[in-house]
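If you want the building blocks of each chain, they are given just below.
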Protein chains: 2
Amino acid sequence: MPVTKLERAARLADVAKAAGVSQGTVSNVFNRPQVVREEVREHVREVARQIGYRGPDPKGRLLRAGKVNAIGVATFEPLSYFFEDPFARTLMQGISEACDKAGAGLSLVSAQNPERLTWNVESALVDGFVLLCIEEGDRLVELTRARQLPFVALALGKPDPTISAVGSDDFAGAKLAAEHICGLGHRNIAVLALEFVDDRFGWIGPRELEGAVYSTSRDRLLGYFEVLEAHGVDTSKVPVWETLNDMATTAAGLEAVFAKGERPTALLCMSDRVALSAIEWLQARGLRVPDDVSVIGYDGIPEGETSRPKLTTVSQPIVEIGRRAVEIILDGADEVRRETLPVELIVRDSTAPSRA
Amino acid sequence: MPVTKLERAARLADVAKAAGVSQGTVSNVFNRPQVVREEVREHVREVARQIGYRGPDPKGRLLRAGKVNAIGVATFEPLSYFFEDPFARTLMQGISEACDKAGAGLSLVSAQNPERLTWNVESALVDGFVLLCIEEGDRLVELTRARQLPFVALALGKPDPTISAVGSDDFAGAKLAAEHICGLGHRNIAVLALEFVDDRFGWIGPRELEGAVYSTSRDRLLGYFEVLEAHGVDTSKVPVWETLNDMATTAAGLEAVFAKGERPTALLCMSDRVALSAIEWLQARGLRVPDDVSVIGYDGIPEGETSRPKLTTVSQPIVEIGRRAVEIILDGADEVRRETLPVELIVRDSTAPSRA
DNA sequence: AGCGCTAATTGAATCGGTTCAACGAAATTG
DNA sequence: CAATTTCGTTGAACCGATTCAATTAGCGCT
């Protein structure tokens, strides 16, 4: 009897019935063709073709298999952040390389939109999460915990020992930067920092340092200060301005710093983005970098290599951090893993000896 | 009686049993809390907490719901391509914006690895695909067809009317570029092209043009030629070099072009990447852009705005293309949709009047 | 008390596969 | 020839939820 097409999309069971074999056999035809006799195999294939069955639906397979074979990357920023921000992009490179190698998929998740029907941390079909804790790291971790899936936090502000995390040594990195600047003879220095607490910017004093939510910023500042003091700088007089890692708040900070009496001859920036913004601001004001002002960044994003002047910076192994995070998740071991990768001073053209 | 924890992860059914209610009620507690009496709701919540149930598993929900609420972006390149290539990145911006707005997820899929057990076009859990047909567009389309999911092709080389696609008018865009160059008085022109057939580079003659696999390259070249001829240029003498859209093959092409007798005063490049590479090569050889050689690109990637000199180019609405592709997929209408978005000439600093 | 109405809950079917113990038939062995 | 092994196939359980028709409970009204 001729096989007729069905109304709804064909299923495995339909093929089985039409071909007069069991579901298990049809399943095998598509998943382990070797175990089924050639004659049967071809027959099933032919029937499948006739009723328009194109192979097992991943939705069904998933439920049984349990494993999605994909990892999710979550952040509180909008999805476009993954493709715009240089740091995120570099990180994603490492993450995507590791996924490619493991044959795992990559799903991007934005936790920003708390509404219903959105693909979020609660509903994403993934085997584990890499958390990009740029902002609201705590909430992100909390959301993810509820999913009971393995996860690794990156750029996590807090050194919580119950959370797997990959990062680099902020304290050591900051010291590297400060050593370089002091070694060039600079003593009149300003700091352009990242956030100490959420959604605020402006001057940072001892009180703000004390109440810092983000240990990244705190550790880096402490690193700067330790070295500066060792070189006889009175850190209580060093202007520290908290930015939102963008042009606007960086410019505001520079306005404020340069409005003060003594102008700095060097800028310690806690990110390359801030450093690049600062250079742009300085150049627009007719100040030469590094002749008039030395600028050092932090992170080591690719843009620092092509800027003018090329950016001196402390480089984190961003790609490597992403790669490790994925490896840890795919490892499957469920104990807490914390890794700190080494940082490196990269001297390029945006810093020069002090002329003072 | 006290509720005890289970060995395996708790399921909805376990909660139902432990709380002495039906599965349906527990499902409602988590999905439509309004419909269940407060007393029951709280009781179920409490029991769920005790046995360690954190809410419905998306895997199960998926099977029933049928909709994943995510779209996939597939290409033959490795995953890292999405974060490295400027064109892809800009496209992804549009795609991710549209996904964000629709509350849909975003999964990246590389079709490169044909092995088993990999997250690929056949197994990705998505509701539809955006196909980035940079290379091997045909195979990609074929693979995707088998999934019987809606898909939209971008940058598809062939004008296949059975496939939904979003693109821009290559012929018109190329004419724009050529008009600009001719209008500046240039008559001695070379073309740096993209691929006409897979995995080859070098000179393009009438034969290669004839046998072009990629209509994008062919249409652009035809656009260039039509305008050049209208300005009295003998196009059979115009050197056309096919690149692989990278520095190496662009440099090789320039070596070849400049080794020939008459040096061009203007370069028509089929991508901004090639144009930027060309500028770099020219500058390294001591040739000034645009004084000695004018260079015009194609695409309109962000890098063209910050390069030195800033790049004159034909801009495709890349972000918009990505956005439309997602909208078409989420629309759900299953007829074939083909859209051609307008291109625009953007005159910046890499082109100048011919001094001849 | 009897009636109609609404709101809350149940039970079973369903989604689309994979897996595995068990089984029958054919091939191999002692 | 009986015993064992191998191979291919079956049938049913299972994965973890959602959905909806049917049922029950509770309430107000005459």
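That block above? That's the structure.
Asks: Would you take a moment to explain the overall build of chain A for this structure?
Replies: The secondary structure content of chain A amounts to 14 helices and 13 strands. Here the C-alpha atoms of chain A give a radius of gyration of 27 Å, more than 25% beyond the 21 Å that 2.2 N^0.38 yields for 356 residues. Overall size of chain A, expressed as C-alpha extent along the three principal axes, is 95 × 35 × 35 Å. In chain A, buried positions account for 50% of the 356 residues. Long-range contacts, defined as pairs at least 24 residues apart, comprise 70% of the intrachain contacts of chain A with a sequence gap of at least 6.

Asks: Is there a simple way to think about unusual backbone geometry in this case?
Replies: The phi angle of most residues is negative, glycine excepted, and most peptide bonds adopt the trans form. Of note, the amide linkage connecting R308 of chain A to P309 of chain A takes the cis form, showing an omega dihedral of -10°. Following the sequence through the fold, P309 of chain A ends up in the loop between helix 13 (303-306) and strand 11 (312-315). With an omega of 10°, the peptide bond between V289 of chain B and P290 of chain B qualifies as cis. Considering the arrangement of structural elements, one finds P290 of chain B in the loop between helix 12 (272-284) and strand 10 (294-299).

Asks: Could you clarify how one ought to interpret the protein's contact with DNA strand C in this entry?
Replies: Inspection of the region around DNA strand C gives 26 residues, with L12, S27, D57 and G60 of chain A together with G24 of chain B positioned closest. Where the surface near DNA strand C is concerned, the elements lending two or more residues are helix 2 (23-31) and helix 4 (58-65) of chain A together with helix 2 (23-31) and helix 4 (58-65) of chain B. It is helix 4 of chain A that provides the largest number of residues to the surface near DNA strand C, a total of six residues. In terms of residue class, the surface near DNA strand C is made up of ten nonpolar, nine polar and seven charged.

Asks: What should I look at first to understand the pairing of strand 3 (residues 128-132) of chain A in this one?
Replies: Residues in a regular strand project their side chains so that they alternate between the two faces of the sheet. All names here are of chain A. Most of strand 3 is tucked away, with five of its five residues classed as buried. Of the two faces of strand 3, the one holding G128, V130 and L132 and the one holding F129 and L131 are both buried throughout. Two elements, strand 3 and strand 4 (residues 151-154), share four bridges in a ladder whose sense is parallel. Pairing of V130 across the sheet is with V152, part of strand 4. Regarding topology, helix 7 (residues 137-147) serves as the crossover connection from strand 3 to the parallel strand 4, and that connection is right-handed.

Asks: I would appreciate a short explanation of the nonpolar core in the present structure.
Replies: A general tendency of soluble globular proteins is for nonpolar side chains to be buried together. Among the nonpolar cores identified, the biggest contains 104 residues, and V130, L131 and L154 of chain A together with V130, L131 and L154 of chain B are the most heavily contacted of them. Excluding residues within four positions of it along the chain, V130 of chain A makes contact with I71, V73, I95, V152, L154, A325, V326 and I329 of chain A. Counting residues in each nonpolar core, the second largest holds 44 residues, with L176, C182, V227 and W241 of chain B among its members.

Asks: What is the right way to look at the interface of chain B and chain A in this model?
Replies: How big an interface is tends to be stated in terms of the accessible area lost upon association of its parts. Counting from both sides, the interface comprises 43 residues of chain B and, opposite them, 42 residues of chain A. Elements that contribute at least two residues to the side of chain B that touches chain A include exactly helix 4, helix 5 (81-84), helix 6 (86-102), strand 2 (105-110) and helix 7 (137-147) of chain B. Of the residues forming the side of chain B that touches chain A, the biggest block, seven residues, is contributed by helix 6 of chain B. Split by residue class, the side of chain B that touches chain A holds 20 nonpolar, 14 polar and nine charged. Bridging between strand 2 (residues 105-110) of chain A and strand 2 of chain B involves three bridges; their strand directions are antiparallel. By the bridge assignment for strand 2 of chain B, L106 of chain A is matched with L108 of chain B.

Asks: Mind showing me how you'd approach the sheet that holds strand 9 (residues 266-269) of chain B here?
Replies: By way of backbone hydrogen bonds, the strands of a sheet pair with one another, either parallel or antiparallel. All names here are of chain B. The strand order across the open sheet built from seven strands is 7-8-6-9-10-11-13, with neighbouring strands paired in mixed fashion. On the outer flanks of this sheet lie strand 7 (202-203) and strand 13 (344-346), each paired with one strand and no other. Across four bridges, the pairing between strand 6 (residues 189-193) and strand 9 is parallel. What sits directly across from I189, in strand 9, is A266.

Asks: Is there a simple way to explain helix 14 (residues 318-331) of chain A in this structure?
Replies: The periodicity of an α-helix, 3.6 residues per turn, causes residues three or four positions apart to be oriented the same way. Residues and elements named next belong to chain A. Given a rise of 1.5 Å per residue, 14 residues ought to cover 20 Å, and the 20 Å separating the end C-alpha atoms of helix 14 matches this to within 8%. Residues of helix 14 that are buried: I318, I321, G322, R323, R324, A325, V326, I328 and I329. Directly after helix 14, the chain includes G332, whose backbone phi takes a positive value near 90°.

Asks: Looking at this model, I keep getting lost on the protein's contact with DNA strand D. Mind explaining?
Replies: Around DNA strand D, a shell composed of 26 residues is seen, among which G24 of chain A together with G24, S27, D57 and G60 of chain B lie nearest. Put simply, the parts of the chain that give the surface near DNA strand D at least two residues each are helix 2 and helix 4 of chain A together with helix 2 and helix 4 of chain B. Residue composition of the surface near DNA strand D, grouped by class: ten nonpolar, nine polar and seven charged.

Asks: Teacher, can you tell me more about the environment of N113 of chain B here?
Replies: Counting through the fold element by element, N113 of chain B comes out in the loop between strand 2 and strand 3 (128-132). Among the residues examined, N113 of chain B registers 15 C-beta atoms within 10 Å and is labelled partly exposed. For the pair formed by N113 of chain B and P78 of chain B, sequence separation is 35 residues and the distance between their alpha carbons is 8.4 Å. When neighbours within four sequence positions are excluded, N113 of chain B is seen to be in contact with D100 and G103 of chain A together with T118 of chain B.

Asks: Mind showing me how you'd approach helix 11 (residues 247-259) of chain A here?
Replies: All names here are of chain A. The terminal C-alpha atoms of helix 11 lie 18 Å apart, and with 13 residues this matches the ideal 18 Å at 1.5 Å per residue to within 8%. Among the residues of helix 11, T249, T250, G253, L254 and V257 are the ones counted as buried. Angular distribution of buried residues about the axis of helix 11 spans 140°; they occupy a single face of the element. Opposite the packed face of helix 11, turned more than 90 degrees from it, sit the exposed residues A248, E255 and A259. On its buried face, helix 11 is in contact with strand 6 (189-193), strand 8 (240-242) and helix 12 (272-284).

Asks: Explanation requested: the relation of the copies chain B and chain A in the structure shown.
Replies: The relation between the two copies of this chain is a rotation about an axis and a shift parallel to it. By a simple turn and slide, chain B fits onto chain A: the slide is 0.0 Å along the axis, the RMSD is 0.1 Å, and the turn is 179°. The relationship between the two copies is best expressed as a two-fold rotation axis. Of every C-alpha in chain B, the one belonging to S107 of chain B sits nearest the axis of rotation, 2.2 Å from it. In this assembly the copies share their binding face: 98% of the residues contributing to the interface of chain B also contribute to that of chain A.

Asks: What should I look at first to understand the pairing of strand 11 of chain A in this one?
Replies: All names here are of chain A. Residues T312 and V314 line one face of strand 11 and the alternating positions T313 and S315 line the opposite face, and both faces are buried. Of the strand pairs in this sheet, strand 10 (residues 294-299) and strand 11 are connected by four bridges, and their pairing is parallel. When the bridges of strand 11 are listed, I296 appears paired with T312. With three bridges connecting them, strand 11 and strand 13 (residues 344-346) associate as antiparallel partners. Of the residues in strand 13, the one forming a bridge with V314 is L345.

Asks: Help me understand the packing of helix 8 (residues 170-183) of chain B against helix 10 (residues 215-230) of chain B, please; the structure alone is not making it clear to me.
Replies: The geometry of a pair of packed helices is captured by two quantities: the angle between their axes and the separation between those axes. Residue and element names in this part refer to chain B. Between helix 8 and helix 10, whose axes approach to 7 Å, the crossing angle comes to 35°. Where helix 8 crosses over helix 10, the handedness of that crossing is right-handed. Where helix 8 abuts helix 10, its residues D170, F171, A172, G173, A174, K175, A178, E179 and C182 lie against T216, D219, R220, L222, G223, Y224, E226, V227 and L228. For the contact of helix 8 with helix 10, the class distribution of residues is nine nonpolar, three polar and six charged.

Asks: Whenever I open this one, the sheet that holds strand 6 of chain A confuses me. Can you help?
Replies: All names here are of chain A. One open sheet accounts for seven strands, arranged 7-8-6-9-10-11-13; its pairing is mixed. In this open sheet, the two edge strands, each paired with only one partner strand, are strand 7 (202-203) and strand 13. As paired strands, strand 6 and strand 8 are joined by three bridges and run parallel to one another. Across the sheet, the residue bridging to A193 is E242, located in strand 8.

Thresholds applied
Residues numbered from 1 in each chain as written. Chains lettered and ligands numbered in written order. Predicted model: local features only at pLDDT ≥ 70, side-chain atom pairs only at ≥ 80, totals over all residues. Helix = DSSP H or I, 4+ residues; strand = E, 2+ residues; numbered from the N terminus. Rg over C-alpha atoms; globule rule 2.2 N^0.38 Å. Buried ≥ 20, exposed ≤ 12 C-beta atoms within 10 Å, placed from the backbone. Contact = placed C-beta atoms within 7 Å. Near = placed C-beta within 6 Å. Nonpolar A, V, L, I, M, F, W, Y, C, P; charged D, E, K, R; others polar. Pairing = 2+ DSSP bridges. Right-handed = clockwise from strand over helix to strand, strands pointing away. Core = buried A, V, L, I, M, F, W, Y, C linked by C-beta atoms within 7 Å. Expected span 1.5 Å × (residues − 1). Arc of directions from axis to C-beta. Least-squares fit on C-alpha atoms with pLDDT ≥ 70 in both. Axes fitted to C-alpha atoms, helices over the stretch in contact; angles between N-to-C directions. Left-handed = near helix turned anticlockwise from the far one by under 90°.

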